[in-house]
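Take a look at the letters that make up each chain.
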Amino acid sequence: MKLIAELSVSPAYADEQVVESLCKQFPVCKKGAGFGLKVPVDDPLFRTVEAAIAKLGLIKRSYSETPVQNQYFYGVHREYDDDDFRSATYLRLVHSSKLCDEQKRDSEGRLILEAWRLTPELRMGCVLFEAAVVSDKLRQNIEKERFVGVAFRPLNLVAASEVMDVRNSKGEVRRVTPQDQDHREKQGQFWELTSSIVLPPIEPARLLNRDSQPFAGDYSRGVWLKDEFPPPELHYRESALSKVEPFDFALTFERIPEEQWPVVSQRFRQFCIREKLKTDWFPVRLDP
């Protein structure tokens, strides 16, 4: 894992002469009409460039802060490589194919989804960010592996809420309407992938409440992970995790901030790779 530093100076928030001056000093950092640098934090060039920016009197702002005049953007994030993923016992599963931004459930806890979003080529996608939806064929393949903790829930498929034109991956356009009956036809062809295992709570010192204040024990409104750099990492004591092992697919106890995050074993990750599923991964840290 590397810490990568990024900084940029845009003519939208800094004087054009300032941007031009920096580009002349550091031509390799010229980015279109602006100035930018992305390197490991221990790269000498980063410190040299930041010192030059400071001399020009620019204000340091993070990417999450509201822009102001006479500023430069600055941020540090984690960047992982294949060795980080291969050496991790457990990983946070992050989906790459989002089906819907809004997660709704019925009184039975089933995921409510408009059926037109489920296309024949879909193998795995997500609703909002973490609720996984898989095809029945992929469900069968997962079940063959006998993964510990994997569970499937039926979906509550419904008709389209309005008339709209939908473009598929091939660029073809079709019209969907509230009168379509594909929600009946597709029932049983797709499932929610979830887990029967919930992980132990994360140590409270690593959490913030929804207002980004110190966590005081109220889980009802969801939490944030307290971390210096993005993406935030999940940390567990080995002794705490041993109480629910072995597992291949589990969910966090906490809702971060609204959803339980899926945590999977290396064996499940290798399955996803073999199946060529579109996924991203973040290592989970095990502390002594």
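Higher on the page you've got the structure.
Parameters at a glance
- Residues numbered from 1 in each chain as written.
- Predicted model: local features only at pLDDT ≥ 70, side-chain atom pairs only at ≥ 80, totals over all residues.
- Heavy atoms only, no water.
- Pairing = 2+ DSSP bridges.
- Helix = DSSP H or I, 4+ residues; strand = E, 2+ residues; numbered from the N terminus.
- Axes fitted to C-alpha atoms, helices over the stretch in contact; angles between N-to-C directions.
- Buried < 20%, exposed > 50% of the residue type's maximum accessible area, 1.4 Å probe, protein only.
- Core = buried A, V, L, I, M, F, W, Y, C linked by side-chain atoms within 4.5 Å.
- Contact = heavy atoms within 4.5 Å.
- Phe/Tyr/Trp six-rings, centres within 6.5 Å; stacked < 30°, edge-to-face > 60°.
- Disulfide = S-S within 2.5 Å.
- 1 Å grid on protein atoms, 1.4 Å probe; cavity = no way out; pocket = protein on both sides within 12 Å on 5 of 7 lines; lining within 4 Å.
- Points joined across faces, edges and corners; volume = space filled by probe spheres on them.
- Nonpolar A, V, L, I, M, F, W, Y, C, P; charged D, E, K, R; others polar.

Let us now look at the sheet that holds strand β21 (residues 262-265). Spatially, the four strands line up as an open sheet ordered β20-β21-β6-β22, and their pairing is antiparallel. Unpaired on one side and paired on the other, β20 (249-251) and β22 (279-283) mark the two borders of the sheet. Geometrically, the sheet is characterised by an average inter-axis angle of 35 degrees between neighbouring strands, direction not taken into account. Two elements, strand β6 (residues 90-95) and β22, share five bridges in a ladder whose sense is antiparallel.

When you tally the buried positions in strand β16 (residues 190-195), you get five out of six residues, the bulk of the element. Inspection of the sheet shows strand β11 (residues 131-135) paired to β16 by four bridges, in the antiparallel sense. Counterpart to A132 in the pairing with β16 is L193. Note: strand β12 (residues 150-154) against β16, five bridges, orientation antiparallel.

What tends to happen in soluble globular proteins is that the nonpolar side chains get buried as a cluster. L138, I142, V150, L193, F249, F268 and W281 are the most contacted members of the largest nonpolar core, which totals 24 residues. Elements supplying a minimum of two residues to this core: β6, β11, α4 (136-144), β12, β20, α7 (266-274) and β22. Those residues within four positions of F268 in sequence are excluded, and the remaining contacts are L93, F147, V150, L193, D248 and F249. By size, the runner-up hydrophobic cluster in this structure holds 22 residues, among which are V9, V39, A52 and L58.

The next subject is the packing of aromatic side chains. Following the criterion strictly, the structure yields 13 aromatic pairs and no others. Centre to centre, the rings of Y80 and F85 are 6.0 Å apart; their planes meet at 45 degrees, and the pair counts as tilted. Take Y80: its relative accessible area is 14%, and that puts it in the buried class. When its relative accessible area of 14% is taken as the criterion, F85 is described as buried. With a centroid separation of 5.5 Å and 75 degrees between ring planes, the pair formed by F147 and F271 is classed as edge-to-face. Of this pair, F147 sits in the loop between α4 and β12 while F271 is found in helix α7, placing the two residues 124 residues apart along the sequence.

Turning our attention to the pairing of strand β9 (residues 111-114). Of the pairings in the sheet, the one linking strand β8 (residues 104-105) to β9 comprises two bridges and is antiparallel in character. Within the sheet, the bridge partner assigned to R105 lies in β9 and is L111.

Evaluated as defined, the whole model comprises zero disulfides. Not part of a disulfide, C100 finds its nearest cysteine sulfur in C126, a span of 9.7 Å. Judged by relative accessible area, C100 falls into the buried class, the value being 14%.

As summarised here, the arrangement of the five strands in space is β2-β3-β1-β5-β4, forming an open sheet in which the pairing is mixed. At either margin of the open sheet sits one strand with a lone partner, and together these are β2 (30-31) and β4 (59-61). Bridging between β4 and strand β5 (residues 71-79) involves three bridges; their strand directions are parallel. Bridge pairing in β5 links I59 to Q71. Strands β1 (2-9), β2 and β3 (34-40) of the sheet are contacted by helix α1 (residues 16-25), whose axis makes an angle of about 45 degrees with β3. This element, helix α2 (residues 44-55), spans β1, β3, β4 and β5 of the sheet and lies at about 145 degrees to β3.

With that settled, consider the layout of surface pockets. Picture a little ball the size of a water molecule; that probe, rolled over the atoms, points out where space is still empty. Of the pockets and cavities examined, the largest pocket occupies roughly 600 Å³. What lines the largest pocket is a set of 22 residues, among which R117, T119, E121, L122 and S169 lie closest to the centre. Breaking the lining of the largest pocket down by element, the ones donating at least two residues are β7 (98-100) and β14 (164-167). Counted by class, the lining of the largest pocket contains eight nonpolar, four polar and ten charged residues. By volume, the second largest pocket is sized at about 350 Å³. R105, E192, T194, L251 and Q260 are, among the 19 residues lining the second largest pocket, the residues nearest its centre.

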